[in-house]
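Chain and residue survey
So you can see what is in the structure, the chains are spelled out below.
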Amino acid sequence: MHEWALAESIVFTVNEEAVKEKLKDITMVKVKVGELQQIELDIFKFALENVLPLSSIPLNMARIDIEIDESTLKCNVCRNEWNFRDAAGKLPEEESEAIHFIPEVAHIYMRCPRCGSPDFEIAKGRGVWIDYIEGER
Amino acid sequence: MDPRLNIIDKRFENVKRIIAVSGGKGGIGKSLTASALALLLTKQGFRTGLLDLDFCGPSDHVILGIEGVFPEEDKGIIPPEVLGIRFMSITYFAGYNPVPLRGSEVSNAIIELLAITRWNELDFLIIDMPPGTGDPALDIIRLIKRVEFLIVTTQSRVALAVAKKELQVLKELGIPVAGVLENMRLKEQSAVKEELSCFEVPFLGSILFDYSLEDALGDPLKLLKTDFAVELEKIVKALC
Ligand SMILES: Nc1ncnc2c1ncn2[C@@H]1O[C@H](COP(=O)(O)OP(=O)(O)O)[C@@H](O)[C@H]1O
Ligand SMILES: [Mg+2]
Ligand SMILES: [Zn+2]
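To start, this report covers the structure provided alongside it. Just so you know, these numbers come straight off a predicted model, no measurement behind them.

What counts and what doesn't
- Residues numbered from 1 in each chain as written.
- Chains lettered and ligands numbered in written order.
- Predicted model: local features only at pLDDT ≥ 70, side-chain atom pairs only at ≥ 80, totals over all residues.
- Heavy atoms only, no water.
- Donors = N, O, S within 2.8 Å, 3.2 Å for Na, K, Ca; no water.
- Tetrahedral: all angles 85-135°; square planar, octahedral: opposite > 155°, others 65-115°.
- Helix = DSSP H or I, 4+ residues; strand = E, 2+ residues; numbered from the N terminus.
- Buried < 20%, exposed > 50% of the residue type's maximum accessible area, 1.4 Å probe, protein only.
- Near = heavy atom within 4 Å.
- Polar contact = N/O pair within 3.5 Å; in protein donor to acceptor, adjacent residues only side chain to side chain.
- Areas by Shrake-Rupley, 256 points an atom, 1.4 Å probe, with all protein chains shown as cover.
- Nonpolar A, V, L, I, M, F, W, Y, C, P; charged D, E, K, R; others polar.
- Contact = heavy atoms within 4.5 Å.
- Buried area = accessible area lost by both parts, 1.4 Å probe.
- Salt bridge = Lys/Arg side-chain N within 4 Å of Asp/Glu carboxyl O.
- Patch = residues over 30% accessible without salt bridge, like charges linked within 9 Å, V, L, I, M, F, W, Y side chains within 5 Å.
- Lys, Arg positive; Asp, Glu negative; His and termini not counted.
- Charge placed at Lys NZ, Arg CZ, Asp CG, Glu CD.

Here we come to the coordination of the zinc ion (ligand 3). All names here are of chain A. Distances from the zinc ion (ligand 3) to its protein donors, namely Cys-75 (SG), Cys-78 (SG), Cys-112 (SG) and Cys-115 (SG), fall within the range 2.3 to 2.4 Å. Around the zinc ion (ligand 3), the four donor atoms are arranged such that angles at the metal cover 105 to 113°; this shape is classified as tetrahedral. Summarised as a motif, the one-chain spacing of the donors to the zinc ion (ligand 3) is C-x2-C-x33-C-x2-C. With Cys-75 in strand S3 (residues 72–75) and Cys-112 in the loop between helix H5 (106–109) and strand S5 (120–124), this pair connects stretches of sequence that are 37 residues apart. Neither residue differs from the other here; Cys-75 and Cys-112 are each classed as buried.

Here's what the structure looks like:
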């Protein structure tokens, strides 16, 4: 996912939850991002700094914790399991960038290392989600 | 919570009308209609975007002869302007490769694409849909609140039966239908208009089977001169 879109979507989501839950102060936002998204933390932090002023509720950078979720890829044909990290190093930059924007295109550029099938499942390490938001009313 | 869902609405904030060109069957002219519609709207001075959402069979770049362009990165990705159209397609990321995706993955990829694409100011966004009322159609309905559908069908009983099913689904979900277009008409008489009258949606008109079309694919100027485009232009005026 694009770092800037990620930063914006987190801020909007926290804002919406704050209204829903009547929170006045946000003490912690836990974000998990799949490894396939290949988020560059420096760019993400820079984007977040720029997006935070848009927030309708005060949000502090230090209270947004982002954790990278390690990946598991599972072959639907031979049941082999492997991870993106080990395989990613061998991908040309263009392909790895395409996966950064749309992780599903991993199916185009990657194959099961054991049987060569493109029919694998991204069992873990794909998504972007907010694990929890903590705050005070 | 999937934070991506909260940004999608904002991505379309400055888009006036969003029209999904759909129809139950494959090969009935959805992509041709969507592409030509985008060209014609641009020609009439509307700021127009075209989004090819048929991940398994993207065609708009072939129909319009679009090659060698790529989105610009700026706080997200900005669809390049080609032929005056802001054009977005999975082909930027998939190249010429086949895209073997399962249903839930198609959904995820659509959400991702909608979340990262910045459309800015548009009068029309035309979405070229894959056939049917599966995941992509339901996702678009779920994620883009203001979407309208333009249903393409042919007079064939086979296409018509599926078009009816789609209209039924849209009616049930309360999704506006901008109109129905009959494409590839071969015979003098056609029952399409009558057959669909019970759905109370605008019948936009019929376009004949056009034998000159194949030679015009990939060449936008030639495409605009085909009988297909000339007929569609009349229909577009009814739509705006
Ligand atoms: N009115 C028409 N006359 C002749 N050929 C047509 C007409 N409409 C579409 N076609 C051709 O039919 C084929 C399928 O059209 P396409 O737009 O790709 O269908 P879909 O997107 O519904 O699968 C294309 O080769 C297209 O050029
Ligand atoms: Mg098509
Ligand atoms: Zn395998």
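Attention now moves to the site of ligand 1. Residue and element names in this part refer to chain B. Near ligand 1, the surroundings consist of 16 residues, among which Gly-27, Lys-30, Leu-32, Asn-183 and Asp-210 are the closest. Asn-183 is positioned with one of its side-chain polar atoms (N or O) 2.8 Å from a nitrogen atom of ligand 1. Starting from 560 Å² of accessible surface for ligand 1 in isolation, the protein chains cover 81%. Listing elements by their share of the shell around ligand 1, those giving two or more residues are helix H2 (30–43), strand S9 (177–185) and helix H9 (213–216). Take the shell around ligand 1: its biggest share by element is three residues, from H2. When grouped by side-chain class, the residues that make up the shell around ligand 1 number eight nonpolar, five polar and three charged.

Across the boundary between the two partners, chain A contributes 31 residues, which contact 29 residues of chain B. Note on chain A versus chain B: buried area summed over both sides is about 2700 Å², and carbon and sulfur give 64% of it. It is A:Phe101, A:Ile102 and A:Ile108 in chain A that bury the most area against chain B; as a group they hold 21% of the surface buried on that side. Taken together, the connections running from chain A to chain B amount to three salt bridges. Our count for the chain A to chain B interface comes out at nine residue pairs in polar contact (both at pLDDT 80 or more). At nine residues, the largest contribution of residues to the side of chain A that touches chain B is made by helix H1 (residues 3–20) of chain A. Of the residues that constitute the side of chain A that touches chain B, the class distribution is 18 nonpolar, six polar and seven charged.

Let us look at the side chain of B:Glu233. Residues and elements named next belong to chain B. Note on placement: Glu-233 falls in helix H11 (residues 227–239). Looking at Glu-233, the relative accessible area reads 17%, which means it is buried. Separated by 3.3 Å, the side chains of Glu-233 and Lys-43 make a polar contact. For Glu-233, the contacting residues outside a window of four places in its chain are Leu-40, Lys-43 and Gln-44.

Okay, a negative patch on the surface next. Together, A:Glu93, A:Glu94, A:Glu97 and B:Glu73 make up a region of like negative charge exposed at the surface. Per-element accounting of the negative patch gives the leading share, three residues, to helix H4 (residues 93–101) of chain A. By the element assignment, A:Glu94 lies in helix H4. The class of A:Glu94 is exposed, set by a relative accessible area of 71%.

Attention now goes to the pattern of salt bridges. Tallied over the full model, the rule gives 26 salt bridges over all chains. Across the pair B:Glu112 and A:Arg126 runs a salt bridge whose closest N-O atoms are separated by 3.1 Å. On the criterion of chain membership, the pair formed by B:Glu112 in helix H5 (residues 103–116) and A:Arg126 in the loop between S5 and strand S6 (128–136) is interchain, its members lying in two chains. Classification of B:Glu112 as buried rests on a relative accessible area of 0%. For A:Arg126, a relative accessible area of 7% gives the class buried. Across the pair B:Glu81 and B:Arg86 runs a salt bridge whose closest N-O atoms are separated by 3.7 Å. Look at B:Glu81 and you get exposed, because its relative accessible area is 52%. When its relative accessible area of 28% is taken as the criterion, B:Arg86 is described as partly exposed. Among the charged side chains, a salt-bridge network with shared partners connects A:Glu104, A:Arg126, B:Asp2, B:Arg4 and B:Glu112.

When glycine is set aside, most residues are seen to have a negative phi, and most peptide bonds are trans. One non-glycine residue, A:Gln38, lies in positive phi territory at about 45°. If you trace the backbone, A:Gln38 turns up in the loop between strand S1 (25–34) and helix H2 (41–51). The backbone of B:Glu200 shows a phi angle near 55°, a positive value even though the residue is not glycine. Within the secondary structure, B:Glu200 sits in the loop between helix H8 (192–195) and strand S10 (203–208).

Shape is all these values report; function is a separate question.
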